[in-house]
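Here's the letter readout for the chains.
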Amino acid sequence: MPSHGLKTNDMILLNNDIKIQAFTTKDCLLEQKKNEFLASLYEKNFQAAELIFMDILKLAQNQSEFSENFEKRLNQIQTIFKKFKHALFKHCSSEIKKNHACLKKMILASIKHSSDSIGHVNFQTWETKLDLKPCQKNLLFQTAMTFQLTSGCSNFCRRCNEWALPKVRRHFSFNAILTILNHMADQKNDEISLYGASDPLDWTAGDKALPDIIEYLKKLPLEYSLLTKVPKGKRHLLKLLLKNHSNLSVSITSKNKKRIKQIEQEIDTPISKQHDLEELLIPAGLDEDFVSIKPSITDGYGTEITPDGAFIIIPCFTSALYPFGHKKIPVTSNTRFFPVKKTGRQALLVDYFKPLEGYDLNKSLCHLSALLDVQIESVILDNGTEQLTPPGMRSLKEFLSIFEEKARCQRKKMTPSIMKKLKQRFLATTCFKKLSKKNKNLFLKKIAGHLKLCKQKHCVSARLYAVSFFLESIRQYIPTHFINVKIMRFLLKDEIQHIFNLTDTLIADQSLEKVLTDPDVDVFYAFRFYVFCLLTKSDDRAILEFIQTYPAAYDPEADIFVLRSFSN
């Protein structure tokens, strides 16, 4: 599979050189202002915070109406304000209270206006707004993992990781939904989740309700899933869906637990439940603390379709940078790369620290040559603890451990079973001579890749190139993302202090090559030290020298980091 030589900026990597657009769209600008506001509060620069909040208010005042994501970010900003309000009121002028009250009034007015006049989005309006080429639309429908039928939600859950807007605002029309589902089926998309920042049972259009959509789906080769909290007044719909054996689960909260139990007793049928345990509820939404790093709440790579548009979804750690637990990258007429759809268990198997696999506009599989910004931020934030990585997901710490001597010896013992799996994959229905040239090369490359990592010297070099790739990605990222760097330095301040206090001169004063090849050194610990040297602008001459000595690239066919050459 070819590798695209693209620059390391999310909007540039996925789009055709729209760096200006990335920072001038209202949603992106507000996200930037949110981060600037947060960084100034972390630094206790309240004068700057007051000016930035004024910019946020002006930005909101210039909108004729709020988009869904724009209002979500305003809610995040208001939640940040509430967390720091005592310090803001103490150290800012009296204008800050007035501006805060004014923004709150604007949000309330938006809620009232949008919920009092609920509209329906037809397919042509939605399609025209996106302005995609046929090949882009096909890829959007092929990679769609979430189809949000409604904007806004009648459930107002404190811990909503989607930051769903309170009250229903607008729906897709019934015909728009059927058209989009048909396009998904035509593009061989085999499964779709009918929820998002909304409750699917809220959807209605005239005399149509969710069961009508589910009935239509029976005609399509398209599986679906539903997650609902069963809004008040929708019990009859839940009962009808359960009677028809619909594929649904109920998200349990303290508010609906008693009500769901009553419904189970009435229909004498157990209901599939999610989030029933308190420890599974990651503090998100209005309970987001904006000072901690938590696991990703999002369990999929792909695209999301909403009444407002379409977005590429990249999972990441839940933090002040990305309170959603993922990054939303707008799909526009310039988008030229769509990540391969991976959900559930398959998404956990994706190594977030490797360049993404996806489709170009010819529907050819390919890999990006660089990490997206959001991936680099995850590399920086990944402290290697089990709390951040759910079972089945590989952390960066675990990845670096595969180059250790114990792992190498174990891999060597597994060679017969690895060879057997490769033969089953490539030669199950044919022989080597009849393979295409491409598959012959891939088969041989997979074998060579495994055998190389069974040899000590190749293991050592693979580790060096991997570390070089990550450090170079971070080094390139830092100069153009100083606000996000400030936020990450704050979120990691305890770990940074701990690492710097404990790191002895054996690591600090030696070449990276010597440290990273020393069997007595914890490679991940040393890597974190080098990351923090870059993050805090410490002396990075040794790091730069190492990167130049080991210029690295990702080889997607061998699934390993290698010496960067002109061809890759």
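Residues numbered from 1 in each chain as written. Predicted model: local features only at pLDDT ≥ 70, side-chain atom pairs only at ≥ 80, totals over all residues. Heavy atoms only, no water.

Go over the confidence of the model for the chain with me, naming the residues and quoting the values.
Confidence in the prediction of the chain, expressed as mean pLDDT, is 90, and 93% of residues score 70 or more. For residues 1-8, every residue scores under 50 in pLDDT, and the model assigns this stretch 30 contacts once sequence neighbours within four places are set aside. Below pLDDT 50 for its whole length, residues 16-24 participates in eleven contacts with residues either more than four positions away or in separate chains. (pLDDT = per-residue confidence, 0-100. Contact = heavy atoms within 4.5 Å.)

Which residues make up the packing of helix 8 (residues 123-130) against helix 9 (residues 134-143), and what values go with them?
With their axes 12 Å apart at the nearest point, helix 8 and helix 9 run at an angle of 115° to one another. Relative to helix 9, helix 8 is oriented roughly perpendicular. Read as a crossing pair, helix 8 and helix 9 show a hand that is right-handed. Residue-level inspection shows Phe123, Trp126, Glu127 and Leu130 of helix 8 in contact with helix 9, the latter providing Lys137, Leu140 and Phe141. Residue composition of the contact of helix 8 with helix 9, by class: five nonpolar, no polar and two charged. (Axes fitted to C-alpha atoms, helices over the stretch in contact; angles between N-to-C directions. Helix = DSSP H or I, 4+ residues; strand = E, 2+ residues; numbered from the N terminus. Parallel < 35°, antiparallel > 145°, perpendicular 65-115°, else oblique. Left-handed = near helix turned anticlockwise from the far one by under 90°. Nonpolar A, V, L, I, M, F, W, Y, C, P; charged D, E, K, R; others polar.)

Would you mind going over the side chain of Thr335 in detail, with residue names and values included?
When you line up the elements, Thr335 lands in the loop between strand 14 (326-330) and strand 15 (338-339). A residue is classified by how much of its surface remains accessible, and Thr335, at 1% relative accessible area, is buried. At 2.9 Å, the side chain of Thr335 and the backbone nitrogen of Thr332 are in polar contact. (Buried < 20%, exposed > 50% of the residue type's maximum accessible area, 1.4 Å probe, protein only. Polar contact = N/O pair within 3.5 Å; in protein donor to acceptor, adjacent residues only side chain to side chain.)

I'd like a description of the packing of aromatic side chains, backed by residues and values.
The full count for this structure, using the stated rule, is 29 aromatic pairs. Centroid distance Phe432 to Phe443: 6.0 Å. Interplanar angle 45°. Geometry classified as tilted. With Phe432 in the loop between helix 18 (415-427) and helix 19 (437-452) and Phe443 in helix 19, this residue pair connects regions lying eleven residues apart in the sequence. The partly exposed category is assigned to Phe432, whose relative accessible area is 32%. (Phe/Tyr/Trp six-rings, centres within 6.5 Å; stacked < 30°, edge-to-face > 60°.)

Describe the sheet that holds strand 5 (residues 170-172), naming the residues involved and giving the relevant values.
As summarised here, the arrangement of the three strands in space is 2-5-4, forming an open sheet in which the pairing is mixed. Each having just a single partner strand, strand 2 (119-121) and strand 4 (150-151) make up the two edges of the open sheet. Relative to strand 5, strand 4 is paired through two bridges, and the arrangement is antiparallel. Each bridged residue has a counterpart across the sheet, and for Thr150 the counterpart in strand 5 is His171. (Pairing = 2+ DSSP bridges.)

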